[in-house]
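# Structural overview for review
Okay, here's what each chain looks like letter by letter:
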Amino acid sequence: LITDIRLRRILDSRGNATVEADVLTESGGFGRAAAPSGASTGEFEAIELPPNEAIANAREHAVPRLVGEVHAGDQRAVDNTLRAADGTDDFSEIGANSAVAISMATAKAAADVLGAPLYQHLGGAFRGDNFPVPLGNVIGGGEHAADATDIQEFLSAPVGAPSVADAVFANAAVHQEIHDMLIERDTPAGKGDEGAWAPSIDDAEAFEILDEATSTVAEEVGFEIKFGLDVAAAEMYDEDEGGYVYSDQVRDTDEQVEYITELVEEWDLAYVEDPLDENDFEAFTDLTANVGDQTLICGDDLFVTNVSRLEKGIEMDSANSILIKPNQIGSLTDAFDAIELAANNTYDVIVSHRSGETEDTTIAHLAVATDADFIKTGAVGGERTAKLNELIRIADDAA
Ligand code: PGA
Ligand code: ZN
């Protein structure tokens, strides 16, 4: 039984406050987890409340229903209780930030009771033995950095790596190689919110740099490194402007579909996330029909880890992969249900961080537990390496 839940404000990587939860159980289990926070958040995400408010409301409504009432090992009961305590379908009463912190901390407490690592508790005995390929954000702009690229994230994708550690180091090497190239080109850059270089260059130049950097590192390490994008196109889309607003032009929806199709073909992209607006399932369907057999078309803001939005996407063939962010939906149970639905419909699964993060490593365990195809959690920077290093440890532990 859960015997205590403590909630507090801690810092996230942007210096904002976020919610951390501690969960204690009768048999001495302890779990701690913190909510991350997005900057390019989807319109249909569960609601993040100001941390003070989320904590006060969760203490009033959720904690009394959980403490002394629910077993930490019964994750579905814990998460159903959070939903019932909240009473809305978007966690707008207790906050998705309080909900997800409690949900994840409870899973960790249950794992602690069992003396098992979290990935083992969540994945169980019949877990697969694949490891997710880390996608490393190496150049970026959009909402994550001012005066940088239009496309939010340029991602290194070491698809040929023989091990997860090799893949993690390859992404870091690409990140370093890009730094050297930017200095050489006289365009030194600071970093965006996720640690990617945020140079004042246009997207065309970023493609060239990324292509060269991944080729150089691939040659050094001896395995294939492709690359991909998170366009975060919902942030660019402006109906009044007539479509997708880039620094140098506006593309209407047909032009955007055409542009992304060309990019996939020109650069042999392994991965394209949110290439179109979060409301435009139809345009997603057009793009997936064009290039879905040669790349991953992934819905982040499109699906927001939400089973009913994913059902719609599956029905319409709008994509072939889904980004999973537990805080978009508010609980581990909801994230698991979305992953299961995706996997049953041959969608690839990409477990993801947010631009605002903490040292919390839950998503590394979630990705391994669910046999996710990819994990997107940056390339460098403490709050990113916390997850990447945990992944290396898990691989070591599971070997
Ligand atoms: P966010 O961005 O965490 O700022 O929403 C990450 C993403 O769009 O994948
Ligand atoms: Zn995204």
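All values reported here derive from a predicted model rather than from experimental measurement.

### Let's talk about the coordination of the zinc ion (ligand 2)
- Protein coordination at the zinc ion (ligand 2) comes from Asp230 (OD), Glu273 (OE) and Asp300 (OD), with a distance range of 2.0 to 2.1 Å.
- In the primary sequence, the donor residues of the zinc ion (ligand 2) line up as D-x42-E-x26-D. One end of the pair, Glu273, is in strand β10 (residues 271–273); the other, Asp300, is in the loop between β11 (296–299) and α10 (307–316), and 27 residues separate them in sequence.
- According to the relative accessible area criterion, Glu273 is buried, its value standing at 0%.
- Residue Asp300 is classed as buried on the basis of its relative accessible area of 2%.

### Side note on the pairing of strand β5 (residues 153–157)
- Most of β5 sits inside the fold, with five of its five residues counted as buried.
- Covered by surrounding structure in β5 are Glu153, Leu155 and Ala157 together with Phe154 and Ser156, the residues of both alternating faces.
- Relative to β5, strand β4 (residues 133–140) runs antiparallel, the two sharing four bridges. Directly across from Gly140, in β5, lies its bridge partner Glu153.

### Overview of the UniProt feature "domain: Enolase C-terminal TIM barrel" (unreviewed entry) in the chain
- As recorded in UniProt, the feature "domain: Enolase C-terminal TIM barrel" (unreviewed entry) lies at residues 128–399.
- Helix and strand shares over residues 128–399 are 43% and 16% respectively, and the end C-alpha atoms of the span are 13 Å apart.

### Focus on the sheet that holds strand β6 (residues 226–230)
- Taken in spatial order, the eight strands line up as β4-β5-β6-β10-β11-β12-β13-β14 and close into a barrel, and their pairing is mixed. On average, each strand axis in the sheet is inclined to that of its neighbour by 30 degrees, with strand direction left out of account.
- Bridge analysis of strand β13 (residues 348–352) against strand β14 (residues 374–376) gives three bridges, and the strand direction is parallel. Paired with Ser352 across the bridge in β14 is Lys376.
- Along the sheet, helix α6 (residues 164–184) makes contact with β4 and β5, crossing β4 at roughly 10 degrees.

Rules used in this analysis
- Every chain begins its residue count from 1, and numbering advances along the sequence as written.
- Each chain takes a letter, starting from A, and each ligand takes a number, starting from 1, following the order in which they are written.
- For a predicted model such as this one, the threshold for reporting local features is a pLDDT of at least 70, and the threshold for listing and counting side-chain atom pairs is 80 or more; totals across whole chains, interfaces and linings nevertheless cover every residue.
- Hydrogen atoms and water are omitted, and side-chain values are computed over all heavy atoms in the structure.
- Here the coordinating atoms are restricted to nitrogen, oxygen and sulfur within 2.8 Å of the metal centre, or 3.2 Å for Na, K and Ca, and because water is not among them the sites may look incomplete.
- To qualify as a helix, a DSSP run of H or I must reach at least 4 residues; to qualify as a strand, a run of E must reach at least 2; elements of each kind are numbered from the N terminus.
- Throughout this description, buried means an accessible area under 20% of the type-specific maximum (1.4 Å probe, protein chains only), exposed means over 50%, and partly exposed covers the range between.
- For two strands to be treated as a pair, DSSP must find no fewer than two bridges joining them.
- UniProt positions are given in the numbering used here, feature names are shortened, and annotations may be inferred rather than shown by experiment.
- Axes, fitted as lines to C-alpha atoms, cover a helix only where it is in contact. Angles between the N-to-C directions of the axes lie from 0 to 180 degrees.
- We call two residues contacting when some pair of their heavy atoms lies within 4.5 Å.

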